[in-house]
Amino acid sequence: MTASEPLRIGAVGAGRMGRGIAVAFALAGHAVVLIDVKPRDAEAAERLAAEALREIGQDLAFLKSVGAMDEGAVAAALGRVSFADRGAAPAAIAACDLLFEGVPETVDAKRDCFAFVGQHARDDAIIASTTSTIDADTLAPLVRGPHRFLNAHWLNPAYLMPLVEVSPSADTAPEILARLREILTAIGKVPVTCRTSPGYIVPRIQALAMNEAARMAEEGVASPEDIDTAIRVGFGLRFAVLGLLEFIDWGGGDILHHASAFLSETIDAGRFAAPAIIGENMAQARRGLRDGAGFYDYDGVDVGAYRSGRLADFVALLRQRGLMPKFADSED
């Protein structure tokens, strides 16, 4: 079955992440079942099902309210989502082409979940964990058929955020990685692949940035309001257009080198010391655009056209956010 054909998706765990994934796939035309593997009495299972489906309905209603879809599309998407309690879970799991585990972030909870899923999943079903903390190499041995397992870290809200960080284990078959990336791309997501490493990409960078923002508030460097304004209309806008490594190349790795040296000396060497690769790039005349190489290779790139394209993207973003600078009218 190809990614463009209707799939049967299982979200194992009916919490916020499972519900967001359900909305993402339902919007793309796939049948999704929220699977609750926790033992509960009938009344508790009914309450959870009602709560989950109500929240999914609210998310779809929100999308309608902002003009992203009409009433018919809302009804169609909601009709693609079902709920299975533990009693119905074996049959639901067996019917799925792709299963996303989203139970609490403990190895014990995931071990129990994978043991249950492994009893019922088809041999050709892909199994992915949505964990944000536990690496794929730790989880793969818990899965029957570790070759078809990998981590897929979604960002909340899962139905809106495009990025999914895909992290295969040492046992993941290359075709499974390729197939999951294909499926995610087909529903409008942007998958990136990272090796098994704590924190993936975004959470690792995000943790440093959030801790530094909290530290600045603690030190009284600026008010929380001004720190957040600086992030929204400075840091965030800029890096919505240029990636971090691309930005280093744009300005020059030597600028980061000298800034890091000053901050290391005046604030904290452990937090602000530049990694060895910055010095190595400088030594090799790979400072970025002006050298023709940095983290990226600009050989054969029309640098003028590249700069103009990025700046045009920036102008479009400023206009969309109502932040375009006001320019004086020309004199007659």
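Since the model is a prediction, treat every value here as computed from it, not as a measurement.

Caption draft 1: Representation of the state of the cysteines in the model. Counting across every chain of the model gives zero disulfides. No disulfide involves Cys96; its sulfur sits 12 Å from that of Cys113, the nearest cysteine.

Caption draft 2: Spatial organisation of unusual backbone geometry. Cis geometry is found at the peptide bond from Asn156 to Pro157, where omega equals -10 degrees. Even without being glycine, Tyr200 reaches a positive phi, approximately 50 degrees. Here Tyr200 lies in the loop between strand 8 (190-193) and helix 8 (202-219). Judged by its relative accessible area of 7%, Tyr200 falls in the buried class. Not every positive phi belongs to a glycine, and Ala285 is a case in point at roughly 55 degrees. Positionally, Ala285 belongs in the loop between helix 13 (276-283) and helix 14 (303-320). Taking relative accessible area as the criterion, Ala285 reaches 44% and is therefore assigned partly exposed.

Caption draft 3: Structural detail: the pattern of salt bridges. In total, this model carries 17 salt bridges according to the counting rule given. Residue Arg111 is joined to Asp108 by a salt bridge in which the shortest nitrogen-to-oxygen separation is 2.7 Å. Taken together, the residues span about one helical turn, with Arg111 and Asp108 both in helix 5 (residues 107-120) at a distance of three residues. Relative accessible area serves as the criterion here: at 37%, Arg111 is assigned to the partly exposed category. Salt-bridge contacts for Asp268 lead to Arg271; the nearest nitrogen and oxygen are separated by 3.7 Å. Judged by its relative accessible area of 29%, Asp268 falls in the partly exposed class. Here the salt bridges do not stand alone but share partners, grouping Glu212, Arg215, Asp268 and Arg271 into one network.

Caption draft 4: Just the sheet that holds strand 5 (residues 126-129), in detail. One open sheet accounts for eight strands, arranged 3-2-1-4-5-6-7-8; its pairing is mixed. Of all strands in the sheet, those bounded by a partner on one side alone are strand 3 (81-84) and strand 8. For this sheet, the mean inter-axis angle between neighbouring strands, taken without regard to orientation, is 25 degrees. Where strand 2 (residues 31-35) and strand 3 come together, four bridges link them in parallel fashion. Bridging from a neighbouring strand, Leu34 pairs with Phe83 of strand 3.

Caption draft 5: Summary view of the nonpolar core. In this structure, Phe25, Leu60, Leu98, Phe100, Leu150, Trp154 and Leu180 are the most contacted members of the largest nonpolar core, which totals 40 residues. For this core, the leading source of residues is helix 1 (residues 16-27), giving seven residues. Apart from residues lying up to four places away in sequence, Leu150 is in contact with Ile126, Ile127, Ala128, Ser129, Val166, Ser167, Pro168, Thr172, Ile176, Leu177 and Leu180.

Caption draft 6: Seen up close, the packing of helix 1 against helix 2 (residues 42-65). One can describe the packing of helix 1 onto helix 2 by two numbers: an axis separation of 10 Å at closest approach and a directional angle of 50 degrees. By the angle class used here, helix 1 and helix 2 are oblique. For helix 1 against helix 2, the interelement crossing comes out right-handed. Contacts between helix 1 and helix 2 involve Arg19, Ala22, Val23 and Leu27 from the first element and Leu48, Glu51, Ala52, Glu55, Ile56, Asp59, Leu60 and Leu63 from the second.

Caption draft 7: Spatial organisation of a nonpolar patch on the surface. Taken together, the side chains of Ile201, Ile205, Ile231, Phe235, Leu244, Leu245 and Tyr296 present a nonpolar region at the surface, about 590 Å² in accessible area. The set of elements that each furnish at least two residues to the nonpolar patch consists of helix 9 (224-241) and helix 10 (244-251). Positionally, Tyr296 belongs in the loop between helix 13 and helix 14. Take Tyr296: its relative accessible area is 44%, and that puts it in the partly exposed class.

Caption draft 8: Spotlight on the packing of aromatic side chains. Counting across every chain of the model gives eight aromatic pairs. On the numbers, 5.7 Å between centres and 35 degrees between planes, the contact of Phe25 with Phe100 is tilted. Here the residue Phe25 occupies a position in helix 1, and Phe100 occupies one in strand 4 (residues 98-101), the gap between them amounting to 75 residues. Exposure remark for Phe25: the relative accessible area of 0% places this residue in the buried category.

Caption draft 9: Geometry of the pairing of strand 1 (residues 8-12). Buried residues dominate strand 1, accounting for four of its five residues. The handedness of the strand 1 to strand 2 crossover, carried by helix 1, is right-handed. Alignment of strand 1 against strand 4, held across four bridges, turns out to be parallel. Bridge pairing in strand 4 links Ile9 to Leu98.

Conventions used here
- Residues numbered from 1 in each chain as written.
- Predicted model: local features only at pLDDT ≥ 70, side-chain atom pairs only at ≥ 80, totals over all residues.
- Heavy atoms only, no water.
- Disulfide = S-S within 2.5 Å.
- Helix = DSSP H or I, 4+ residues; strand = E, 2+ residues; numbered from the N terminus.
- Buried < 20%, exposed > 50% of the residue type's maximum accessible area, 1.4 Å probe, protein only.
- Salt bridge = Lys/Arg side-chain N within 4 Å of Asp/Glu carboxyl O.
- Pairing = 2+ DSSP bridges.
- Axes fitted to C-alpha atoms, helices over the stretch in contact; angles between N-to-C directions.
- Core = buried A, V, L, I, M, F, W, Y, C linked by side-chain atoms within 4.5 Å.
- Contact = heavy atoms within 4.5 Å.
- Parallel < 35°, antiparallel > 145°, perpendicular 65-115°, else oblique.
- Left-handed = near helix turned anticlockwise from the far one by under 90°.
- Patch = residues over 30% accessible without salt bridge, like charges linked within 9 Å, V, L, I, M, F, W, Y side chains within 5 Å.
- Areas by Shrake-Rupley, 256 points an atom, 1.4 Å probe, with all protein chains shown as cover.
- Phe/Tyr/Trp six-rings, centres within 6.5 Å; stacked < 30°, edge-to-face > 60°.
- Right-handed = clockwise from strand over helix to strand, strands pointing away.

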